[in-house]
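The residues making up each chain are set out below.
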Amino acid sequence: MKNFVRLAEEKIDRYKKNRLISFSKKKNRNNKSEKVRRISLSQFLLFVRLILMIAMLGVLGACATPARPGHMVPESALFPSYSPDSALRNAIAISKAGGGEKTNPLLVSKVGDKELHETLRLSLSQYGLLSTSDVDALFRLEVFLIELKQPRGEGLTAIVDSVMRYKLTRSGDDQVVYDDIITASYKATVGDALYGAHRLKLANEGSIRANIAAFLQHLHSLNISKSPIQ
Amino acid sequence: MPMRSLREVFMAERAMGATKGLIGCMIMLIILGLVGCARPTGYTKASSFLTGTKGYGYSDKRINGDEFSIVVLGNPSTSKARVAEIALLRAAHLTKEEGRTHFVIIKQKTETTERAVLISIPLWFGGLLVVVPVGEKTNREPMAILVIRLLPLQPAYPPDALNADEVIEHLAKHLE
C-alpha cells in the first residue's frame with residue numbers, strides 16, 4: 001500500500017514537473033515570439049523613419065523649378081505656315097506678358113512672367129510672326145495668364161488647366177483685332193514622370209503649350225488686314 | 001490553464017479594441033468625406049495651401065489699370081451657374097472695394113475642369129491604420145472666368161454697365 005502511495009506521489013511529482021517544464025517551454029516560446037514581434041515593430045518604425053528622412057531629403061534636394069520656355073512652345077508641325085503676304089507676318093510685338101507667378105523653390109513649379117514672355121517670343125518667332133522691332137510693329141500682343149489651376153496632390157495624374165487672355169491690337173489705329181480668353185488642359189501621368197514635382201512641371205508646360213497652340217490656330221483662321229484702309 | 005485563459009481574454013479584448021478603433025476611424029473618415037463634399041462652394045476666397053496651390057472659391061488679379069480678372073473654382077457639388085454668380089458677386093464687391101459704383105463685363109466664360117483624386121481605403125495593418133490607395137478617379141469641377149473693367153465715377157453710365165450695389169443686393173442673399 002505504502003509502495004502504491006509512493007508510486008502515486010512520484011507519478012504526481014513527475015506529472016507536475018512535466019507540466020512545469022512544458023509551461024516554462026511555452027512561456028519561453030511566447031517570450032521569444034513577443035521578442036520577435038517587438039523587434040519587428042522597432043524595425044518597422046525604423047523603416048518609417050528612413051522613408052521620412054528620404055522624403056525630406058528628396059524635398060530639400062529637389063527644389064521646385066519654373067517651367068522651361070523651350071518646352072512650352074507648340075510644335076511647328078501642328079500648323080500650316082503663314083503666307084508671305086499675310087498681315088501678321090513679322091508684324092507682332094509682345095507688349096506685355098503678365099499674370100505669371102514666380103516659383104518658390106520650396107513649393108511647387110509655376111509659370112512666371114519672364115518664362116511666359118520668352119515662350120511667346122519663341123512661339124511667334126517659330127511661325128515667322130514676331131516683329132523685328134518692338135516700336136515699329138504693326139500689331140501689339142498682350143497676354144495675361146489669368147489662372148493656372150494645379151492639382152493639390154490628391155492624385156497621381158497631374159491635370160493642369162491654364163486660362164489666358166490674348167489681346168491683339170493694331171498699332172495704326174489702336175483697334176483691337178482679337179481679344180479672347182483661351183483655356184487649355186494637360187494631363188501628365190506617372191508614365192511621363194515618376195517624381196511628382198517633375199510631373200507637375202510637365203503638366204504646367206503642356207497646358208501653356210496647348211493654350212498657345214490654340215491661340216495660334218485662332219490667329220491663323222482670322223482674316224486680319226494690315227491697316228484700316230485695306 | 002487559468003493563465004492561458006487570461007491571456008486569451010486579454011488578446012480578445014485587444015482585438016476588440018482594435019476592431020472598435022478601426023470602425024471608429026472608418027466612421028470618422030466617412031463623416032469627414034461627406035461633410036467635405038456635400039455642400040457646394042460658397043462665396044469664399046480661395047485659400048492657398050502650403051504647397052502654393054489654390055483651393056475652392058474666388059481669386060482675382062489686376063490685369064492693368066481698371067481691368068481685373070476673377071476666377072471662381074467650385075467643388076464637384078457646385079453648378080456652373082453658381083460659380084458664375086459667385087464671380088459676378090465678387091466683381092461687384094471688388095468694384096466697391098476700389099471705390100467705384102459700376103463695372104462692365106469684358107469677357108466671361110464657364111468651364112468644366114478635371115481633377116484626379118486617389119481612391120483609398122483604410123486598412124488595419126500591424127496595429128496601425130494605414131490608408132491604402134486602390135485606384136484613381138477624375139472629379140469634374142466648374143470654373144467661372146470673368147474679366148471686368150471698373151468705370152470711373154460719372155453722372156451717367158453706359159447701358160451695359162452693372163451697378164455693384166444692385167448686383168450685391170440680388171446675389172448676396174443666397175450666396176453669402
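Residues numbered from 1 in each chain as written. Chains lettered and ligands numbered in written order. Predicted model: local features only at pLDDT ≥ 70, side-chain atom pairs only at ≥ 80, totals over all residues.

### Observations concerning the sheet that holds strand β3 (residues 102–125) of chain B
Residue and element names in this part refer to chain B.
Then comes step 1: Spatially, the 5 strands line up as an open sheet ordered β1-β2-β4-β3-β5, and their pairing is antiparallel. The open sheet has two edge strands, β1 (57–64) and β5 (162–163), and neither has a second partner.
Then comes step 2: Sheet analysis places β3 next to β5, joined by 2 bridges and oriented antiparallel. Directly across from phenylalanine 103, in β5, lies its bridge partner leucine 162.
Then comes step 3: Packed on one face of the sheet, helix α2 (residues 80–97) meets β1, β2 (67–73), β3 and β4 (128–150) and runs near 50 degrees to β4. (Pairing = 2+ DSSP bridges. Helix = DSSP H or I, 4+ residues; strand = E, 2+ residues; numbered from the N terminus. Contact = placed C-beta atoms within 7 Å. Axes fitted to C-alpha atoms, helices over the stretch in contact; angles between N-to-C directions.)

### Some details on the packing of helix α2 (residues 113–126) of chain A against helix α3 (residues 196–221) of chain A
Residues and elements named next belong to chain A.
Then comes step 1: Across the interface, α2 lies against α3 with an axial gap of 11 Å and an inter-helix angle of 45 degrees. Taken together, the axes of α2 and α3 lie oblique to each other. α2 and α3 meet at a crossing whose hand is right-handed. Along the contact surface, α2 presents Thr119, Leu120 and Ser123, while α3 presents Ile208, Ile212 and Leu216.
Then comes step 2: Its residues assigned to classes, the contact of α2 with α3 comprises 4 nonpolar, 2 polar and no charged. (Parallel < 35°, antiparallel > 145°, perpendicular 65-115°, else oblique. Left-handed = near helix turned anticlockwise from the far one by under 90°. Nonpolar A, V, L, I, M, F, W, Y, C, P; charged D, E, K, R; others polar.)

### Overview of the packing of α2(B) against helix α3 (residues 164–175) of chain B
Residues and elements named next belong to chain B.
Then comes step 1: Closest axis-to-axis distance for the α2/α3 pair is 9 Å, and the angle between their directions is 135 degrees. Of the possible angle classes, the one that applies to α2 and α3 is oblique. Our pair here, α2 against α3, has a crossing hand that is left-handed. Here Glu85, Ile86, Leu88, Leu89, Ala92, His93, Thr95 and Lys96 of α2 come into contact with α3, specifically with Ala164, Val167, Ile168, Leu171, Ala172 and Leu175.

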